[in-house]
Each structure stands twice: as structure tokens, then as C-alpha cells.
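# A structural walkthrough
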Amino acid sequence: MKMSETYEIIVLDLDGTLTNSKKVITPKTKDALMRIQKEGKKVVLASGRPTGGIVKLADELDLKSYGGFVLAFNGGKIINYETGEIVYNKTIPVELVPAVYEQACRLGVGVLTYKGNTIIHGNGVNEYSSIEAKINGMPMEEVDNFAEYVDYPVNKFLMTGEPEKIAKAQDVMRQTFGEQLNIFRSEPFFLEIVPPSIDKAYSLGKLLEYLGEKKEQMICCGDGFNDKSMIAFAGLGVAMANAQPEVKEVADYITTSNDEDGVALVIDRFM
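In short, a report on the structure. Here the residue index of a chain counts from 1 through its sequence in written order. The model is predicted, so local features are restricted to residues of pLDDT at least 70 and side-chain atom pairs to those at 80 or more, both for listing and for counting; the totals for chains, interfaces and linings are taken over all residues. To get the side-chain values, take all heavy atoms of the structure and skip hydrogens and water.

## Regarding the overall build of the protein chain
Only runs of H or I of at least four residues qualify as helices and only runs of E of at least two qualify as strands under DSSP, and these elements are numbered from the N terminus. The helix and strand tally for the protein chain stands at eleven helices and 14 strands. Taken over the C-alpha trace, the protein chain has a radius of gyration of 18 Å; the compact-globule value for 271 residues is 18 Å, and the two agree within 12%. Looking at the 271 residues of the protein chain, the share that counts as buried comes to 56%. When the accessible area of the protein chain is evaluated, it comes to approximately 11100 Å², of which 47% is carbon and sulfur surface. The globule rule used for comparison is 2.2 Å times the number of residues to the exponent 0.38, while the radius of gyration itself is calculated over C-alpha atoms. Each residue is assigned to one of three classes by its accessible area relative to the maximum for its type, calculated with a 1.4 Å probe on protein chains only: buried under 20%, partly exposed between the two thresholds, exposed over 50%. For every accessible area listed, the method is Shrake-Rupley and the probe measures 1.4 Å; residues are considered covered only by the protein chains on display.

## A few points about the pattern of salt bridges
Salt bridges are identified by distance alone: a Lys or Arg side-chain nitrogen within 4 Å of an Asp or Glu carboxyl oxygen. For the structure shown, the criterion picks out eight salt bridges. Measuring nitrogen to oxygen at the nearest pair gives 2.7 Å for the salt bridge that ties Arg106 to Glu102. Here Arg106 and its partner Glu102 are both found in helix α4 (residues 97-107), four residues apart, which amounts to about one turn of the helix. Here Arg106 falls in the exposed class, since its relative accessible area comes to 58%. Exposure remark for Glu102: the relative accessible area of 43% places this residue in the partly exposed category. A single network of salt bridges, built from pairs that share partners, joins Asp13, Lys200 and Asp227.

## Details of the sheet that holds strand β9 (residues 157-160)
Only when DSSP finds a minimum of two bridges between them are two strands counted as paired. Across the sheet, which stays open at both edges, the six strands sit in the order β8-β7-β6-β9-β11-β10 with mixed pairing between neighbours. Taken across any chain shown, the strands that pair with only one partner, and hence form the sheet edges, are β8 (140-142) and β10 (182-187). Direction aside, neighbouring strands of the sheet carry axes that sit 30° apart on average. Here four bridges tie β9 to strand β11 (residues 190-194), and the two strands are oriented antiparallel to one another. Pairing of Thr160 across the sheet is with Phe190, part of β11. The sheet contacts of α4 involve β6 (110-115), β7 (118-122), β9 and β11, and relative to β9 the element is tilted by about 5°. Seen against the sheet, helix α5 (residues 127-136) touches β6, β7, β8, β9 and β11 and runs at an angle of roughly 70° to β11. Orientation is described by lines fitted to C-alpha atoms, with helices fitted over the stretch in contact, and by angles between N-to-C directions that extend from 0 to 180 degrees. Note on contacts: a residue pair qualifies if any of its non-hydrogen atoms lie within 4.5 Å across the two residues.

## Thoughts on the side chain of His121
Here His121 lies in strand β7. Look at His121 and you get buried, because its relative accessible area is 0%. One polar contact links the side chain of His121 to the main-chain carbonyl oxygen of Gly124, over a distance of 3.3 Å. The definition of a polar contact used here is a pair of N or O atoms within 3.5 Å, where within protein one atom must be able to donate a hydrogen and the other to accept one, and adjacent residues in sequence count solely through side-chain atom pairs. Of the polar contacts made by the side chain of His121, one reaches the side chain of Ser129; its length is 2.7 Å. Residues in contact with His121, not counting those within four places in the same chain, are Gly110, Val111, Leu112, Ser129, Met140, Glu141, Glu142, Val143, Phe146 and Thr160.

## Re the packing of α4 against helix α7 (residues 163-177)
Contact geometry of α4 with α7 gives a least axis separation of 11 Å together with a crossing angle of 145°. The handedness of the crossing between α4 and α7 comes out as right-handed. On α7, the residues touching Ala99, Val100, Gln103 and Leu107 of α4 are Lys165, Ala169, Val172, Met173, Thr176 and Phe177. Amino acids are sorted into nonpolar (Ala, Val, Leu, Ile, Met, Phe, Trp, Tyr, Cys and Pro), charged (Asp, Glu, Lys and Arg) and polar (every other residue, Gly among them). Considering only residue class, the contact of α4 with α7 consists of seven nonpolar, two polar and one charged. Two helices cross in a left-handed way if the nearer one is turned anticlockwise from the farther one by less than a right angle. They cross in a right-handed way if the turn is clockwise.

## Considerations on the packing of aromatic side chains
Between 30 and 60 degrees the pair is tilted, below 30 it is stacked and above 60 it is edge-to-face, where a pair is any two Phe, Tyr or Trp rings, Trp via its six-membered ring, whose centres lie within 6.5 Å. Here the structure, examined in full by the defined rule, presents eight aromatic pairs. With centroids separated by 5.9 Å and ring planes inclined at 80°, the aromatic side chains of Phe69 and Tyr210 adopt a geometry described as edge-to-face. In this pair, Phe69 sits in strand β3 (residues 69-72) while Tyr210 sits in helix α8 (residues 200-211), placing the two residues 141 residues apart along the sequence. Under the relative-accessibility criterion, Phe69 is labelled buried at 2%.

Set out below in C-alpha cells:
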């Protein structure tokens, strides 16, 4: 157990970690997070969600008053929530959009991205695309020609579909785009497509540089495939009891589930 440092920062994945199965922050977890913020400790919300899908939870925890941070798009964009300053931003080149869309059509999976607070969808809406809209509380707009419409740099594409199709899509996309993009699953039915080298750990490194803090002062909590890098990176890496097995393998500590105030338990024990 790594307990040599005083932990000053807690980084939280949202779905399956900060929020319970009903997608809400329980009173016990919220109280614990408000308490440490009042003590001057930093809360960072780190999610595959777009910024618009994180704002409601950031506001609920009053990150603006306490100088918290939002890490969106799996690390593609970091925002100082107090000032609105973009601390870090990395996007996918526009010229790759047609090729990504063509592969989605060929693989028979949905593909979406974001514009402001709207989800932009190509290649037909499926049940998994609707899950993304519901999770984020954002409207979805289906466009006739996705490749033409998305003529601006984006932080992320998301492919959606049946788990077996998404597993195949991951292999094909990695073979096709190699070093040009970072491609991984966040859920069995979601394939994240982000700029090269982008993952939560890489971007948290950028945030630590900005803050002048060390990773030994950071706790990271998560449950999904896309949390594995930051859990391995952190001074204290925490997997939820409901985490994927391979995420638990890299964790220093396994807390209770997201339905049993696992985050509050970590705060009480280590902060």
C-alpha cells in the first residue's frame, strides 16, 4: 500500500465510480467530497464524457468555488472549472474524419462526435448511441453526411454497437490507424477514438505539471477499461468493487462498489 504521501488531489471517473447505478451522487459521497474541498484539496472529474456531459456533476460538487478541474474526452481536454481556462486541449485532425466514418459504415457500427452541447451522429442511431445521449443529458442530432458535416477538429469519436462488433472494430481500427489515433473500449459497447497518446494518465501528467504537484499526491478512482491507465499512474490507484477484472489487477486498493459509497470510503481512509 502506497501511503507515504499526503494526498492532495482525488481524481474520479464518473459512471460506475462517482455516481451510483442511478447515475446520481449519493449524499454520503457528496458530503465527503465537499468536506475535503473545504480543507483545500482538489477534486478532478475525469471522464470519457464530453464537457457538456460533466457540467451538471461539476456544478453539484461546486468545483467552481473550490478550484476543481474537469478532464473530458478521456483526457483530450482539461478545464480549470474555476476560471474556465483550457489547461490542455488535443484534437483529431479534420482530414481523418472521412476515413473514420467509412470504417464505421463498413463495420456496421454507429459513430458519433460532439458540437457544443449536441451529440452529432452518423450512420444511424442505435440503442447504444441513445445510452450515450442519456448518460450525458445531451440532445442528439443525426446528420445526412457525417464526413462533410464534421469539418472542425474534434476531441473524440465514439463508435457504438453490440459488444462483439465493437471488439472487432477495435482490432480493425487499430490496424488501420496505427499511430495516428488512440483506440480503446470504455464499455463493451463503446469504442473511444482519441488523438495519439491521449488517455487519462497522460493528461493527468499535464495537469500535475500545471499545478506543480507530484503524482504521489494523487488518488485515482475508477472502474472501466479507460480508467486502467490513471489507476496504474496514481500515487494511490483505486478500483471500485464493480470494476472490470483487469482494472482491479493494476489497483493498489479495491474499495466498495459505486452503490456502496466506495468513493466516500476512500476519502475517509486516505484523505
